[in-house]
Amino acid sequence: MSEGWLLRLREIIVDSLDKTWLPLPVDERICENWKEGLQQDTSSSTVFYTSCMYHLAPVIEKAVENLEKFGASGGGLMSALAGFAARTFGRQLLKPDQAEVDRADRVVRSMHSLLARSGLKFRLLDKEIYSGALLYELGFERDFVNYARKVVDYFKQRGIREIVTVDPHTHYLLEKVYPKYFPDFDIKVTSYMDFIEPKGVSIKNFAIHDSCLYARYLDRYQTVRKLLKAGEPVEDPFVTGRDTSQCCGGPIESTFPNIAKQIAKARVKELARLSRKVVVQCPICYVNLKRASEGEVELYHMAEVLL
């Protein structure tokens, strides 16, 4: 990866966040359409927060596809052209596969339904804004702090006292990182997994691909297994162990797409030894494993299979 591409990637992310609260230049409606017809308690100080992560995942997939196709991350003229094209024609170049957008809708609506069934009273944001995870994970610390300050204020201005997250990257950022930079960030952070009690699992004998963040840093390894137990997942002390399971290759796909894909291919081969069906809990894991799978495994988001 060239320094030139990293700087252009930073420019794309910062510019897009400034304009739309999203890290890539895409149609903002993809983050909102899933809410249509859903009930909420508008008086609640608890918010169901998606950070648009599940809907950004197919956009990221399209972006990485273009990176691989044009070799922009290698630098030089292609890097400059890619940066210009992303800013100028981003909505066309990064238009995601509609089937994956529809799938993201179903996943998030399923989480909403499971939460509503649990009896939790919560509201939805008037606009899904991004948490800033990509800025932090790519090391753009100053940009992250500047942006995240606005996110903190956004929540506080709306009287939010508890945030229910749907993905590990957002959860880790809000629970572990935000308080280090913003002492006034006193909002409780929970996961949708902490509230739900599914009636069953729609598939059987699948392998679990754990999110590194959920399993090792957010203490949700056993929570995932409790929720999926009825599906009789196929476990292996090395392949699916808390401390031994391997990474999906993310979130370096935007800087080192080829390396990310190699890591994901190795992970797919491990999982395929256990089952052709694989359940993930993270939209970034889904994208990376999907890119590398080439039909070797069938991927499911956890919320898709919980009944």
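Definitions and cut-offs
- Residues numbered from 1 in each chain as written.
- Predicted model: local features only at pLDDT ≥ 70, side-chain atom pairs only at ≥ 80, totals over all residues.
- Heavy atoms only, no water.
- Helix = DSSP H or I, 4+ residues; strand = E, 2+ residues; numbered from the N terminus.
- Buried < 20%, exposed > 50% of the residue type's maximum accessible area, 1.4 Å probe, protein only.
- Areas by Shrake-Rupley, 256 points an atom, 1.4 Å probe, with all protein chains shown as cover.
- Pairing = 2+ DSSP bridges.
- Right-handed = clockwise from strand over helix to strand, strands pointing away.
- Disulfide = S-S within 2.5 Å.
- Contact = heavy atoms within 4.5 Å.
- Axes fitted to C-alpha atoms, helices over the stretch in contact; angles between N-to-C directions.
- Parallel < 35°, antiparallel > 145°, perpendicular 65-115°, else oblique.
- Nonpolar A, V, L, I, M, F, W, Y, C, P; charged D, E, K, R; others polar.
- Salt bridge = Lys/Arg side-chain N within 4 Å of Asp/Glu carboxyl O.

- Per an unreviewed UniProt entry, the protein chain goes by the name Cysteine-rich domain-containing protein and belongs to Thermoproteus uzoniensis.

1. Here's the deal with the overall build of the protein chain
Link 1 in the chain: Looking only at helices and strands, one finds 12 helices and seven strands in the protein chain.
Link 2 in the chain: Within the protein chain, the proportion of its 307 residues that are buried is 56%.
Link 3 in the chain: Carbon together with sulfur atoms contributes 50% to the accessible area of the protein chain, which is approximately 13,500 Å² in total.

2. Description of the pairing of strand β7 (residues 298–301)
Link 1 in the chain: Where strand β6 (residues 277–280) meets β7, four bridges bridge the pair, whose relative direction is parallel. Counterpart to Val279 in the pairing with β7 is Tyr300.
Link 2 in the chain: With helix α11 (residues 283–293) bridging β6 and its parallel neighbour β7, the resulting β-α-β unit is right-handed.

3. A closer look at the state of the cysteines
Link 1 in the chain: Inspection of every chain in the model, using the stated rule, returns one disulfide.
Link 2 in the chain: Each disulfide pairs two cysteine sulfurs, and for Cys31 the partner residue is Cys52, the sulfurs being separated by 2.0 Å. Measuring handedness by torsion sign, the sulfur bridge of Cys31 and Cys52 sits at about -80° and is left-handed. One end of the pair, Cys31, is in the loop between α1 (3–20) and β1 (46–48); the other, Cys52, is in the loop between β1 and α2 (53–70), with 21 residues separating them in the sequence. Taken individually, Cys31 and Cys52 each receive the classification buried, so the pair is uniform in this respect.
Link 3 in the chain: Here Cys247 stays unpaired: no disulfide links it, and the sulfur of Cys212, its closest cysteine neighbor, is 4.5 Å away.
Link 4 in the chain: Among the residues examined, Cys247 registers a relative accessible area of 27% and is labelled partly exposed.

4. Examining the side chain of Ser191
Link 1 in the chain: Looking at the element boundaries, Ser191 is found in strand β4 (residues 188–191).
Link 2 in the chain: If we ignore the near neighbours within four places in the chain, the residues touching Ser191 are Val164, Thr165, His171, Tyr214 and Arg220.

5. Some details on the packing of helix α6 (residues 141–157) against helix α7 (residues 168–181)
The description of two packed helices rests on the angle between their axes and on the distance between the axes.
Link 1 in the chain: Following both chains from N to C, one finds α6 and α7 inclined at 100°, their axes separated by 11 Å at the closest point. The angle between α6 and α7 places the two elements in the roughly perpendicular class. Two secondary-structure elements touch here, α6 through Glu141, Phe144, Val145, Ala148, Val151 and Val152 and α7 through Leu173, Val177, Tyr178 and Tyr181.
Link 2 in the chain: A breakdown of the residues in the contact of α6 with α7 according to their chemical character gives nine nonpolar, no polar and one charged.

6. Overview of the pattern of salt bridges
Link 1 in the chain: Counted by the stated rule, this structure contains 22 salt bridges.
Link 2 in the chain: For Glu32, the salt bridge is made with Lys35, and the minimal N-O distance between the two is 2.7 Å.
Link 3 in the chain: The salt bridge partner of Glu294 is Lys265, with a shortest N-O separation of 3.5 Å. A residue pair is termed long-range when its members are at least 10 positions apart, and Glu294 in the loop between α11 and β7 and Lys265 in helix α10 (residues 257–272) qualify at 29 residues.
Link 4 in the chain: Taking relative accessible area as the criterion, Glu294 reaches 63% and is therefore assigned exposed.

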